[in-house]
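# Structural features, examined
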Amino acid sequence: MTGVPFTRSHDVVIEAPGEAVYDYVTNPHSWPEWLAASHALECPDRPLVVGETFREFWSTRKGPVTLEWIVTESDRPKCWIGETGTDFTGPIVIRYDLAPEGGATRFTRTVSNPARPRPPTAEMIERMDAEAAQGLAAIKRIVEARG
């Protein structure tokens, strides 16, 4: 695989059991509630497991993008991995890691591009970090409100 590898991780502590966080974030129908680019999904409305595929529709600066995903790991409530790709970023791997922290759960979302055609600019990384902070804050707010 040629290209430039890139990885970015962000985390948040959520005052909820790991199962509640896991079930929310691994159901792609929740993604438009907390991911800026995600606006529609074609998949079952539930947490997805290894081998399942789904379609996500993005709105980006480059226009609409359709992503074909496959779930490559699902270990409730510890870890979930999905993989897809685009022409402009190459392969995309999303990894969710969940770990107990006191009576709460530390949720870590890692986005990897193992072979980007070009490295992201500083502006792109700043935008990714800002969107991740907003997304994690939304996940925290939504999951905690569900009690």
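Everything below is about the structure shown above.
What comes next concerns the included structure. (Residues numbered from 1 in each chain as written. Predicted model: local features only at pLDDT ≥ 70, side-chain atom pairs only at ≥ 80, totals over all residues. Heavy atoms only, no water.)

## Brief notes about helix α1 (residues 18-25)
Defined as follows: When accessible area is computed with a 1.4 Å probe and restricted to protein chains, residues below 20% of their type maximum are described as buried, those above 50% as exposed, and intermediate ones as partly exposed. Per the convention used, a helix needs a DSSP run of H or I reaching at least four residues, while a strand needs a run of E reaching at least two, with both numbered from the N terminus. What the arc covers is the set of directions going from the helix axis to the C-beta atoms.
For α1, every residue scored as buried is listed here: Gly 18, Val 21, Tyr 22, Tyr 24 and Val 25. The arc enclosing the buried residues of α1, seen along the axis, measures out at 165 degrees, which places them on a common side.

## Things to note about the pairing of strand β7 (residues 104-116)
Put simply, the rule is: DSSP calls a pair of strands paired once it identifies at least 2 bridges connecting them.
Among the 13 residues that make up β7, 11 are buried, leaving the element largely enclosed by the rest of the structure. Sheet topology places strand β1 (residues 4-14) next to β7; 10 bridges connect them, and they run antiparallel. By the bridge assignment, His 10 is partnered in β7 with Arg 109. As paired strands, strand β6 (residues 90-101) and β7 are joined by 9 bridges and run antiparallel to one another. Bridging from a neighbouring strand, Ile 94 pairs with Val 111 of β7.

## Some remarks on the sheet that holds strand β4 (residues 63-75)
We count it as follows: Here an angle of 0 to 180 degrees is reported between the N-to-C directions of two axes, which are lines fitted to C-alpha atoms, with helices fitted over the stretch in contact. The criterion used for residue contact is that any of the two residues' heavy atoms lie within 4.5 Å.
Ordered in space as β1-β7-β6-β5-β4-β3-β2, the 7 strands form an open sheet in which the pairing is antiparallel. What marks the edges here is a single partner per strand, and that holds for β1 and β2 (38-42). The average angle at which neighbouring strand axes cross in this sheet is 25 degrees, direction not considered. Of the pairings in the sheet, the one linking strand β5 (residues 79-86) to β6 comprises 8 bridges and is antiparallel in character. Bridging from a neighbouring strand, Thr 84 pairs with Ile 92 of β6. Sheet strands touched by helix α3 (residues 122-146): β1 and β7. Its angle to β1, the strand with the most contacts, is close to 30 degrees.

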